Structures are given as C-alpha cells and as structure tokens.
Amino acid sequence: MVGRRVVAMVAVVALVVAAAAAVLAATGRPASADQGGGTRAGTPRIIIDSDLSLWWDDATAIGMANVLQQRGQVRILGIMSDIRNPVAVAAIDAIDTAYGHPKIPLGAVAHSAANTAPHGYSDDLARKLPHAVRSSHDVPPAVPLYRRLLASQPPHSVTLVSIGSYTNLAGLLRSKPDQHSSLGGRALIRAKVKRLVIEDGIFPGGGPPVTNQKLDLASASEVVKGTDWPTPMVWVDGYTGIQTKVGGALCTTVASNNPMRIVYESRFGCGPPGDGDWDGPTTLYAIGGKQGWFTEVGQGGAAYINSVGGLSWRTDPSRPHDLYIRIADQGALNQRIDALLGAK
Ligand SMILES: [Ca+2]
C-alpha cells in the first residue's frame, strides 16, 4: 500500500511535468518573493476534515495543529472524520487528548457505522492511548456540527482544511436552515468561511484522479464543479508531498506513547518514511500561510474537475482569489514539520 500511492503519484506527475514546468515559468513567482509572512489580526481558526485511518499524513496534520494550538498559533474549532471508519474519531480524540485538547469537537461522516473504510493506525492509536470518544456513535454527524460551529464564529473567519473526502463539505453545501442558523449551507459558508484549503489534484496540467477525489467522486464534483464554491479555494496538489518525507526520527526523539510515534512506528517500524506527506504541508499552509516554505501560483485560474474526477487548472476570471501552492524551500519545510512532529 505504501508504494502504490507514490508510484501512482509519480507516474501522473511524470506525465504532466513538462506542461507544468511551462506554466510555472509563466505564472510562478520566485521563492525570494515568498518571505515575510507579516502579522495576522487574530489567531487563525480552522476546522479539519480528514480521512485519518490508514494514510499517516492525516495524523501529521492533526498532530501539528495540536502543537500549534498549544503555542497559541491556531484555534482548532473542530475535526471531522470523512470516511466510514467508526474508530477514526476515537483515534482523533486520542491524538487531541495526548496534546491536552480533549474538548475539541469531533464529527463523523454520515453512515460511519457502515465501517466500509480500511482501518490502519487508527486502531493502534485507539488501543494504546486514552480517549473518551469510543466510536462514531459518540459524536454528532459532521454536517450539523459544521453548522453549529460556523454559526457561532465571526464573519469570514474560519479556514476549512480538507484533507480527505469531500462528503462532509458537499453535505454542508446542501444543508438547510436549522436551529443553529437561518442560513442555508451555501450562504452560511459565504458568511463565515474565510477560505477552503484542499489537498488534491495535479496542477496545472491535470491527470487521472489520484487520491481524495476518488473517495467520493459525486461529492468532489459537487464541491468543485461549476467553480462556484462560495469562498476562495487554495489547493495543495500532488507535487507538494512527494519529497515531504518526515517523521523518520520519531523513535529516537519522543516517548513510545507519543501519538505521532505510534502512527509512524505502526507504518514504518522505526525506519525512514516510505512515502511523502501531503496533508502536513496543507495544514501548515492553512494555518500560517505561505511563510518561507511555499509559493502561491495559479492566480486568475481555478480547479476544474472532469467526469472521472481528474483535477486540472483552468483560466477562470470569475474566481480571482483561487490559488495553488508550490514548495519554495523543501528542506526548511521538512525541518519544520519534523520539529512539530517531535514536539514533546
Ligand atoms: Ca488525508
């Protein structure tokens, strides 16, 4: 399983790399223009929507977000499981609890009890660490929780971090007014969400569906199709994770009950990671912006999804704020993620 994802990703990237290089030459910005970051008016607020279960980079993302919350650099409003593994929320709760955040609201995708998604380190986390949430039966469905969380937030303040299937996001788009808000889903998103950061696609050239869009193609199409998602979208595509190989030192830097060590040890023993990490960079960008590690490109375009789920980048003047990112400094990015993963 480990090799399959990167082999597929590399094969697709090889197909489109020439076209990508040409477009990057036209649209890319030099890394030297990517420094600075500036100050923010307030602590970023995020909701993470994750298929944590089998692929370790969801754990990277949620672990790093917890560390950054400890440091006052982000506020995690909630975390949604978007695949039908009923243990996933127990594992997420175990991570949150290990970092001192047992109260982070969790939601589960509809019909989680169907238990149709493959399990992985989720079960190791739930078995080895304390947690109060035992299964998806103990948490609300994701869509009503999204609505409750968003309704109480300031206007245009929440960044949604999509690192799994699009099922919950499509459900939120379709949602009707309820006791939490008189707004329908689309209007509620427009009112409360600052932007949606998504891990998916091969930009700009496109390719066959590789990862997240395959989990629920109908919902992916609903979120992307027509490019009328009501907020800016930032995409973190397949290029971003290939060389983001992190976590290899955890067996020597943290205790055996550290949740990140449990995940990486479960997948890779104590050896080097067998594949890259996509959700980690996505979450770092969603929280801190481009900082010194990322470059923002693709301005004037938007993601397009074809009938089989392939995502490409097309010129679209109607969406002036959509972007995708590139890595400006891979070594510094990997060091940053490793430092956060290894935080005590
Ligand atoms: Ca994921």
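As shown above, the structure is provided for reference.
Calculation criteria
Residues numbered from 1 in each chain as written. Predicted model: local features only at pLDDT ≥ 70, side-chain atom pairs only at ≥ 80, totals over all residues. Heavy atoms only, no water. Axes fitted to C-alpha atoms, helices over the stretch in contact; angles between N-to-C directions. Helix = DSSP H or I, 4+ residues; strand = E, 2+ residues; numbered from the N terminus. Parallel < 35°, antiparallel > 145°, perpendicular 65-115°, else oblique. Left-handed = near helix turned anticlockwise from the far one by under 90°. Contact = heavy atoms within 4.5 Å. Nonpolar A, V, L, I, M, F, W, Y, C, P; charged D, E, K, R; others polar. Salt bridge = Lys/Arg side-chain N within 4 Å of Asp/Glu carboxyl O. Buried < 20%, exposed > 50% of the residue type's maximum accessible area, 1.4 Å probe, protein only. Arc of directions from axis to C-beta. Donors = N, O, S within 2.8 Å, 3.2 Å for Na, K, Ca; no water. Disulfide = S-S within 2.5 Å.

Asker: Just checking my understanding: could you explain the packing of helix H6 (residues 167–174) against helix H9 (residues 217–224) for this structure?
Answerer: Each pair of packed helices can be summarised by the angle the axes make with each other and by the distance between the axes. Remark: H6 packs on H9, axes separated minimally by 8 Å, with the N-to-C direction vectors making an angle of 55°. The pairing of H6 with H9 is recorded here as oblique in orientation. Viewed along their axes, H6 and H9 form a crossing whose handedness is left-handed. When H6 is examined against H9, the residues Thr-167, Leu-169, Ala-170, Leu-173 and Arg-174 are found in contact with a partner set consisting of Ser-219, Glu-222 and Val-223. Taken together, the residues that form the contact of H6 with H9 break down as four nonpolar, two polar and two charged.

Asker: Hey, could you run me through the environment of Pro-259 in this one?
Answerer: Along the chain, Pro-259 falls in helix H12 (residues 259–268). Distance from Pro-259 to Tyr-99, taken between C-alpha atoms, is 8.9 Å for residues 160 residues apart in sequence. For Pro-259, the contacting residues outside a window of four places in its chain are Ile-95, Ala-98, Tyr-99, Leu-125 and Leu-129.

Asker: Is there a simple way to explain the pattern of salt bridges in this structure?
Answerer: Where side chains of opposite charge bring their charged atoms close, a pairing between them can arise. Using the criterion set out here, one finds eight salt bridges in the structure. Where Arg-174 meets Glu-222, a salt bridge forms, and the shortest distance between an N and an O atom there is 2.6 Å. Of this pair, Arg-174 sits in helix H6 while Glu-222 is found in helix H9, placing the two residues 48 residues apart along the sequence. For Arg-174, a relative accessible area of 48% translates into the label partly exposed.

Asker: Explain helix H7 (residues 185–192) here, please?
Answerer: Since the α-helix packs 3.6 residues into each turn, any two residues three or four apart lie on the same face. Turning to H7, its buried residues are Gly-185, Leu-188, Ile-189 and Lys-192. With its buried residues spanning 100° around the axis, H7 presents them on a single face. On its buried side, H7 packs onto helix H5 (142–151), strand S4 (158–163), H6 and strand S5 (193–199).

Asker: Which parts of the structure should I look at to understand the coordination of the calcium ion?
Answerer: Ideal coordination angles are 109.5 degrees for a metal with four donors arranged tetrahedrally and 90 or 180 degrees for a metal with six donors arranged octahedrally. Within the protein, the atoms that donate to the calcium ion are Asp-51 (OD), Asp-58 (OD), Asp-58 (OD), Ile-163 (O) and Asp-279 (OD), at distances of 2.2 to 2.5 Å. Donor residues for the calcium ion, ordered by position in the chain, follow D-x6-D-x104-I-x115-D. In this pair, Asp-58 sits in helix H2 (residues 57–70) while Ile-163 sits in strand S4, placing the two residues 105 residues apart along the sequence. The same class applies to Asp-58 as to Ile-163, namely buried.

Asker: Any chance you could explain the state of the cysteines here in plain terms?
Answerer: Defined simply, a disulfide is a covalent bond joining two cysteines at their sulfur atoms. Summed over all chains, the structure comprises one disulfide. Put simply, Cys-251 and Cys-270 are joined by a disulfide, and their sulfur atoms are 2.0 Å apart. Residues Cys-251 and Cys-270 are joined through a disulfide that is left-handed, its torsion about the S-S bond being -75°. Taken together, the residues Cys-251 in helix H11 (residues 250–253) and Cys-270 in the loop between H12 and helix H13 (279–288) connect sequence positions 19 residues apart.

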